[in-house]
Amino acid sequence: MPRLSEVIAALENLWPAERAESWDAVGTVVGDPDQEVERVLFAVDPVQEIVDEAVKLGAGLLVTHHPLYLRGTTTVAATHFKGRVVHTLIKNDIALHVAHTNADTADPGVSDALAGALDLRVVRPLVPDPLDREGRRGLGRICELDHPLTLGEFARKAAARLPATAQGIRVAGDPEALIRTVAVSGGSGDSLFDDVRAAGVDAFLTADLRHHPASEAVAQSPLALLDAAHWATEWPWCELAAAQLDEISDRKGWGLRVHVSKTVTDPWTAHAASTIATETLGAPN
């Protein structure tokens, strides 16, 4: 079995910490470099539910996309929910490693996995990394469909292919409009509207779209919007990342057992649909 330091070195090679945004908190949060690792669990969120799953699995390493402490802390007391996570990890000899914005811009990265889940053909990054001479790394991806679909058809496909959440897929645009090109960005994407418009795509699929940026986006162009749950747009990366580590393990003869959590950690747990009658659509009197 490999030591934790060996596995972390392989992960850092996939997602170098120096490629993370300056505000981000990536890398190893908890773990003894000399401990041996046999099982690894990948998940989006380092929450107690996922840590308990790692304990039951007997994992020696938990790799998450979201940081545990993004803005720092002055305590890891178990009286706080994040402190309980740290205590549970240490008591059970489980290391925690985070790959966040350094995985977003990787090649392949979070948006490649999202595009793959939707059967989209990646053409190029939406926001290229200026340090990548090959032009493959960067934030988001510009994609093409193999065959045009209406916006309604594409939305239904996205709802069927991405993990099920209470939110599902919200759509802005004409359901009958033909979609041939799509920009995708795992996680929150409404800061990318200028880049999406410049790319000239038919639709933009991302998460966490706010009212005003979305309203302004559709007012400025015929761009269609598909807003999925944040967790759902990033979960496909867990499967991609697990496959990457599996390949490394096989090549090095480590014999790691790599798992992907299927636990839904999206914070929204229910959805009550509005009753829409087109002839009375609007605000109540």
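Throughout what follows, the structure given in this document is the object of discussion. Numbering of residues begins from 1 in every chain and follows the order in which that chain's sequence is written. Only residues with pLDDT of 70 or above have their local features reported here, since the model is predicted, and side-chain atom pairs are shown and tallied only from 80 upward, although totals for entire chains, interfaces and linings are computed over all residues. Water and hydrogen atoms were dropped before computing side-chain values, which therefore reflect all heavy atoms in the structure.

Once that is clear, we can look at the sheet that holds strand S3 (residues 61-64). When DSSP locates at least two bridges between a pair of strands, those strands are taken to pair. Each helix corresponds to a stretch of at least 4 residues labelled H or I by DSSP, and each strand to a stretch of at least 2 residues labelled E; elements are numbered beginning at the N terminus. Read across the open sheet, the five strands follow the order S1-S4-S3-S2-S11; overall the sheet is mixed. Unpaired on one side and paired on the other, strand S1 (27-30) and strand S11 (257-260) mark the two borders of the sheet. Adjacent strand axes in the sheet meet at a mean angle of 25°, parallel and antiparallel pairs treated alike. In the sheet, strand S2 (residues 39-43) pairs with S11 via four bridges, with the strands oriented parallel. Of the residues in S11, the one forming a bridge with arginine 39 is arginine 257. Note on contacts: a residue pair is in contact if any heavy atoms of the two residues lie within 4.5 Å. Where helices are involved, their axes are fitted lines through C-alpha atoms of the stretch in contact, as for all axes, and angles between N-to-C directions lie from 0 to 180°. On the sheet, helix H9 (residues 230-252) packs against S2, S3 and S11 and is oriented at approximately 175° with respect to S11.

This part is about H9. For an α-helix the count is 3.6 residues per turn, leaving residues at separations of three or four pointing the same way. For a helix, the expected span equals 1.5 Å multiplied by the residue count minus one. With 23 residues, H9 ought to run about 33 Å at 1.5 Å a step, and its terminal C-alpha atoms sit 34 Å apart, in line with that. Two residues or fewer past H9, glycine 253 is found with a positive phi of approximately 70°.

What follows concerns the sheet that holds strand S6 (residues 138-150). Pairing within the open sheet is mixed, and its six strands lie in the order S5-S6-S8-S9-S10-S7. Bordering the open sheet on either side are strand S5 (121-128) and strand S7 (169-172), each of which pairs with just one other strand. Mean inter-strand twist for the sheet, computed between neighbouring axes without regard to direction, equals 25°. In this sheet, strand S10 (residues 224-228) lies alongside strand S9 (residues 203-207) in parallel orientation, the contact comprising five bridges. Its bridge partner lying in S10, threonine 206 is registered against aspartate 227.

Below, the discussion takes up the state of the cysteines. Any two cysteine sulfur atoms within 2.5 Å of one another count as a disulfide. Evaluated as defined, the whole model comprises zero disulfides. The thiol sulfur of cysteine 143 is not disulfide-bonded, and the nearest other cysteine sulfur, from cysteine 238, lies at 19 Å.

Another point: unusual backbone geometry. In the segment running from aspartate 107 into proline 108, the intervening peptide bond is cis, with an omega of 0°. Secondary-structure assignment places proline 108 in the loop between helix H4 (101-104) and helix H5 (110-117). The backbone of aspartate 93 sits at a positive phi, close to 55°, despite the residue not being glycine. Locating aspartate 93 in the fold gives a position in the loop between helix H3 (81-91) and strand S4 (95-98). Only protein chains enter the accessibility calculation, which uses a 1.4 Å probe. A residue is then buried if its area is under 20% of the maximum for its type, exposed if over 50%, and partly exposed in between. Judged by relative accessible area, which is 55%, aspartate 93 ranks as exposed. Non-glycine residue aspartate 119 carries a positive phi angle of around 60°. Counting through the fold element by element, aspartate 119 comes out in the loop between H5 and S5. When its relative accessible area of 35% is taken as the criterion, aspartate 119 is described as partly exposed.

By themselves, these observations are geometric and do not establish any function.
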